[in-house]
Amino acid sequence: MNKWLRYGGWAVLGLVVLWTVLEIVSIIFGVVSWIVSTVVSLLVAGVVLYLAYLAVSKLVGGSGGSGGSRSRSREKVFE
């Protein structure tokens, strides 16, 4: 009988350790998942903002950049 109690105790201890390890792993995966989703969201927001900036600068006719120098060189050719 004493032998069965010892085996049962080891089995319960093993289950408790396994449950603890799985809880720690799930917390680590949760944190890593949150970090990855935050980085991806920031990258997507950055790309959307950059595309919006490009669209607005083309619509407004931005004052700088290579497009202005090209148009000036074309104007000089026609003068």
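Residues numbered from 1 in each chain as written. Predicted model: local features only at pLDDT ≥ 70, side-chain atom pairs only at ≥ 80, totals over all residues. Heavy atoms only, no water.

Participant: Explanation requested: the environment of Ser 41 in the structure shown.
Facilitator: Assignment of secondary structure puts Ser 41 in helix α1 (residues 2-60). A distance of 2.8 Å separates a polar side-chain atom of Ser 41 from the backbone oxygen of Ser 37. (Helix = DSSP H or I, 4+ residues; strand = E, 2+ residues; numbered from the N terminus. Polar contact = N/O pair within 3.5 Å; in protein donor to acceptor, adjacent residues only side chain to side chain.)

Participant: Hey, could you run me through the packing of aromatic side chains in this one?
Facilitator: The description of an aromatic ring pair uses the distance of the two centres, along with the angle that the planes make with each other. Applying the stated criterion across every chain yields a total of one aromatic pair. Consider the rings of Trp 4 and Tyr 7, whose centres lie 6.3 Å apart with planes at 85°: the pair is edge-to-face. Of this pair, Trp 4 and Tyr 7 both sit in helix α1, three residues apart, roughly one helical turn. The class for Tyr 7 is partly exposed, based on a relative accessible area of 47%. (Phe/Tyr/Trp six-rings, centres within 6.5 Å; stacked < 30°, edge-to-face > 60°. Buried < 20%, exposed > 50% of the residue type's maximum accessible area, 1.4 Å probe, protein only.)

Participant: It is not clear to me how a nonpolar patch on the surface should be interpreted in this structure. Could you clarify?
Facilitator: On the surface, Ile 24, Ile 28, Val 32, Val 36, Val 40, Val 44 and Val 48 cluster together into a nonpolar patch covering about 590 Å² of accessible area. By the secondary structure assignment, Val 40 is in helix α1. Judged by relative accessible area, Val 40 falls into the partly exposed class, the value being 44%. (Patch = residues over 30% accessible without salt bridge, like charges linked within 9 Å, V, L, I, M, F, W, Y side chains within 5 Å. Areas by Shrake-Rupley, 256 points an atom, 1.4 Å probe, with all protein chains shown as cover. Salt bridge = Lys/Arg side-chain N within 4 Å of Asp/Glu carboxyl O.)

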